[in-house]
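Inside the fold
One letter stands for each residue in the lines below.
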Amino acid sequence: MTLFKNRNIKDVWHNITGNYSHWLSFIILLLAAVIVNPSFFSWSNLSNQFVQGAIVGICAMGMSLVISAGMIDLSVGSAVALISGLGITVLNRTQSVFLCLLFCLGAGLIVGLINGILVTKGRIAPFIVTLAAMSAWRSVINQLGQGGPFTASREMYAGLREVAAGNYLFIPNLMLFFIIITIITGILMSKTKFGTYVYAIGSNQLAARLSGISVDRVKTLIFTYAGTLYGLSAFLLASRLTSIQAASAGSAYEMDAIAAVAIGGTSMAGGRGKITGTFLGVLMLRIISTVLIMARVPPFLNGLVQGVIIIIAVLAQNRKK
Amino acid sequence: MNLEMKDISKSFGPVKALRDVSFRVDRGQIHGLLGENGAGKTTLMNVLAGTFPQDSGQIVINGKVIQGMTPRKSGGLKIRFIHQELNLCNDLRVYQNMFLGDEFSRAGFLKTKPEIKRAQEVLDYMNTGIQAETPVSDLDTAQKQLVEIGRALLFQSELIIMDEPTTALNTREIENLFVIMRKLKTEGVSFIYISHKMPEVFEICDAYTVLRDGAFIQSGDIKEITEHRATELLIGKTFVSTNLKEGQDSHVREDTIFQTRHLGGAGFHDVSFEVHRGEIVVITGLQGSGTDELATALFGATPLKGGTILIRDRPLSLKSIKNVMKSGVGMIPRNRKERGIVPDLSIQQNNSLAYWTAKHPSPLVSRKEEHERFRRSQVKLDIKAANEYDPITSLSGGNQQKVILGKWLEIDADVYIMDNPTQGIDVGSKFAIYKLIHALSAEGKGVIVFSSEFPEIRQLADRCLVMYKGRINAILNYADLSEMEIMKYSTGAQGEEPN
């Protein structure tokens, strides 16, 4: 923690409003939530926030890496729909939840790898590659589902559902998954060479290359890691819903993930960002919608308020420059 | 224009960038503004150009006090600031760039033809040979610089501020620029000329002002001061103008450490030379002679078309930059901002980046180790940094460059390629870097320096390779080095001499 080291109060304040501004907005939002709903801090409500946010949250962790390296991934929602639909098919065929999980992770890895190879070897902008992937994967799963849902068979239903609905020592499994992935990604980004390279590439790709970083390999790994997380999300989504609508599953996940990363203080140009920021960003998005419901704001206006809050959060971060 | 700036002060937070600085420029005068990086030159010019307001003090133009200067106002007063980094849009044409923001238009529609005509007049007047309709991306750096100046002339500027205009220019292009400046001077245009290159300042300027640490030091007629004295004033201590090479034993040893055979690539061909242990080889040449391309190719950053490189008598595989680094070659790239620094990473992270890629076996990194590594670099290179967790961009140019050097010293290479390692940094830092290069050679390392500044070549070279049209045109030993010789071979003039 460098927050309080060798600094006077003014510096600490600058640091809080600058580098740690996502904590500040998070706390303000919590206060707002408590004012609207005094029982906000009940365990059932708190853990519910995590459960609601977990599946998108895991995707947002992948998105964090992609954006920190100065790229973007629009294929999240479609990839999740594709993998979860196919995952349920695999589950029904193999009668094994574990094999379904393995399939989802593997499929996610491949989906990410394809993005990565097209971006690095094909020299196509990430925006274009993932835009194409977004359209393609959704189309594939729609064709396979022919409009109908992918539904877990009756004998597999309970076993699949248990993963997302279960608890471990009062902690919902989804919450655990989200926290564990956050910790792993956090360590990856702050304690490994790989993490340093991701930021370096996002900040100055040429200088990174001239420092001996194999930019193509790091970028491919970023997409592959992100894809694997989408695969995990897809598995958890399948488990949570047990029935996947090809046309709508995972829709707008990329938008929620990007929003969480942005609110969390990661620079959209790459080079700067924090995993804790994204983690808080995911929770903030959840808290905002809960608060709006409790404050009886018409549900159609939810998106508007969210949009405004994203802009305010990013404006507040820009001010520090 | 008669400009007077009186007692200008400006602070950024706790940092006093300017303290009661006074400064005056007369009509038709070229005024050299001297100072090390961080002395406040650019801040003073930004105040004049209205980029930000001064905290106190006055700007007086032609006897009138100007209140609340803004960029628009300074443009209206016919002041033009040509920044060190060129501000041209590469995808637009020359005339579009020149008129950017001040287009000729009628009812919202552009009047392209008169724009082209007017732009061409200015370009021709300056004798540039540039066509107004050329896309800027087709121009080389020197031509882009001329377009920037053309832009200033287009609107009949009366005061042109030039911040390090010659960093990217070669001797001939600089001469050409000076011819244009002198011509404009006779027409009453004033210039403020900021440069670290003393010989140029003494050649072109009429008057000088020295700033140091944000304070005014001295001002006067350029004829009344020597280069040596000016350098002393701006670094603030008695500057020993020794040549580092004089009175020193040569560190050059018998055995070859780095060797190239018939290297060919984009922009150069048939380049063969060798570097001994402890030897400093300088490669020089005019813009376009292939030196830039050779520098990047030696490090494996751009592909070779043919030839081999040997390190310690073994072929060097250029498969990847990481591989080259592991084989014991380090490279300080040119253009620090574009190629050197990673602006969002902290000072100490920048310092360790090359070490992580080339030498660190574990995938994990430790901030503590990073910190210790930076402390060592800081002592070795005398880096002035307030907080090593701050982004590298918080440092002055000279200190940034020292961090970049430190980053490469961390990998302890046998051969260092340094591509213009002192580009755009102050005299003090330059000297520190020269000393460091000599120390490296004393350790028995081979150093290849790419440079186009003669004083620098003189400070460093055991041997100097002069390139012309992509080939090595001459190899000069230290004893034979002179500016004339280098010029002769880099312009290819030796072939045209009558026998």
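Residues numbered from 1 in each chain as written. Chains lettered and ligands numbered in written order. Predicted model: local features only at pLDDT ≥ 70, side-chain atom pairs only at ≥ 80, totals over all residues. Heavy atoms only, no water.

**Thoughts on the pairing of strand S21 (residues 463-468) of chain B**
For a regular strand, side-chain orientation follows a simple rule: the groups alternate between the two sheet faces. All names here are of chain B. Counting buried residues along S21, 5 of its 6 residues qualify, which places the element largely inside the surrounding structure. Looking at chain direction, strand S15 (residues 280-285) and S21 are connected through 5 bridges and run parallel. For Val281, the partnering residue across the bridge sits in S21 and is Arg463. Across 6 bridges, S21 lies against strand S22 (residues 471-477) in antiparallel orientation. The residue bridging Met467 from the neighbouring strand is Ile472, located in S22. Here S21 folds back onto S22 in antiparallel fashion, the turn holding 2 residues, of which Lys469 has a positive phi close to 50°. (Buried < 20%, exposed > 50% of the residue type's maximum accessible area, 1.4 Å probe, protein only. Helix = DSSP H or I, 4+ residues; strand = E, 2+ residues; numbered from the N terminus. Pairing = 2+ DSSP bridges.)

**A closer look at the confidence of the model for chain B**
Per-chain confidence: chain B averages 87 in pLDDT, with 96% of residues scoring 70 or above. Across the whole predicted complex the pTM is 0.79, and at the interface the ipTM reaches 0.81. (pLDDT = per-residue confidence, 0-100.)

**Notes on the pattern of salt bridges**
All told, the structure shown has 23 salt bridges over all chains when counted by the stated rule. Of the charged contacts in the structure, one is a salt bridge between Lys121(A) and Asp216(A), with a shortest N-O distance of 4.0 Å. Here the residue Lys121(A) occupies a position in the loop between helix H5 (97-120) and helix H6 (126-145), and Asp216(A) occupies one in helix H11 (residues 215-241), the gap between them amounting to 95 residues. When its relative accessible area of 22% is taken as the criterion, Asp216(A) is described as partly exposed. For the salt bridge of Arg24(B) with Asp26(B), the shortest nitrogen-to-oxygen distance reads 3.1 Å. (Salt bridge = Lys/Arg side-chain N within 4 Å of Asp/Glu carboxyl O.)

**Observations regarding the domain arrangement of chain B**
Buried accessible area, meaning the area lost when the parts come together, often serves as the stated size of an interface. Residues and elements named next belong to chain B. Looking at chain B, the domain boundaries give domain 1 (3-235) and domain 2 (256-496). Using C-alpha coordinates to define each centre, domain 1 is positioned 31 Å away from domain 2. Tallying the contact residues gives 17 residues for domain 1 and 14 residues for domain 2. Summing both sides of the interface, domain 1 and domain 2 together bury roughly 1,300 Å²; the carbon and sulfur share of this comes to 56%. In this structure, the connection of domain 1 to domain 2 is made through 0 salt bridges. Across the domain 1-domain 2 interface, the total number found is 0 residue pairs in polar contact (both at pLDDT 80 or more). Residue assignment for the side of domain 1 that touches domain 2 shows that the elements contributing at least two residues are helix H6 (171-186) and helix H8 (227-235). Class assignment of the residues belonging to the side of domain 1 that touches domain 2 gives a composition of 4 nonpolar, 8 polar and 5 charged. (Domains from an automatic or database assignment. Contact = heavy atoms within 4.5 Å. Buried area = accessible area lost by both parts, 1.4 Å probe. Polar contact = N/O pair within 3.5 Å; in protein donor to acceptor, adjacent residues only side chain to side chain. Nonpolar A, V, L, I, M, F, W, Y, C, P; charged D, E, K, R; others polar.)

**Thoughts on the packing of aromatic side chains**
By the definition in use, this model includes 10 aromatic pairs over all chains. The interplanar angle of 90° and the centroid separation of 5.7 Å between the aromatic rings of Phe40(A) and Phe41(A) together place this pair among those described as edge-to-face. Looking at Phe41(A), the relative accessible area reads 48%, which means it is partly exposed. Relative to Phe279(A), the ring of Phe178(A) has its centre 5.0 Å away and its plane inclined at 35°; by these criteria the two rings are tilted. Linking Phe178(A) in helix H8 (residues 173-191) with Phe279(A) in helix H13 (residues 275-294), this pair joins segments that are 101 residues apart in sequence. By the ring-pair criterion, three or more aromatic residues cluster together here, those being Phe50(A), Phe178(A) and Phe279(A). Between Lys183(B) and the ring centre of Tyr125(B), over which it is positioned, the NZ or CZ distance is 4.4 Å. (Phe/Tyr/Trp six-rings, centres within 6.5 Å; stacked < 30°, edge-to-face > 60°. Lys NZ or Arg CZ within 6 Å of the ring centre and 35° of its normal.)

**Quick word on H6(A)**
Residue and element names in this part refer to chain A. Over its 20 residues, H6 extends 28 Å from the first C-alpha to the last, a length consistent with the 28 Å expected when each residue adds 1.5 Å. Buried within H6 we find Pro126, Val129, Thr130, Ala133, Trp137, Arg138, Ile141 and Gly145. When H6 is viewed along its axis, its buried side chains cluster within an angular range of 150° and face the same direction. In the segment just after H6, Gln146 is the residue with positive phi, at about 50°. (Expected span 1.5 Å × (residues − 1). Arc of directions from axis to C-beta.)

**Quick word on the interface of chain A and chain B**
Taken together, the 24 residues of chain A in the interface contact 31 residues of chain B. Counting the surface lost from both chain A and chain B, the interface buries some 2,200 Å², and carbon and sulfur atoms represent 54% of this. On the chain A side of the contact with chain B, Lys193(A), Leu210(A) and Ser211(A) bury the most area, a combined 28% of that side's loss. Taken together, chain A and chain B are joined by 1 salt bridge.

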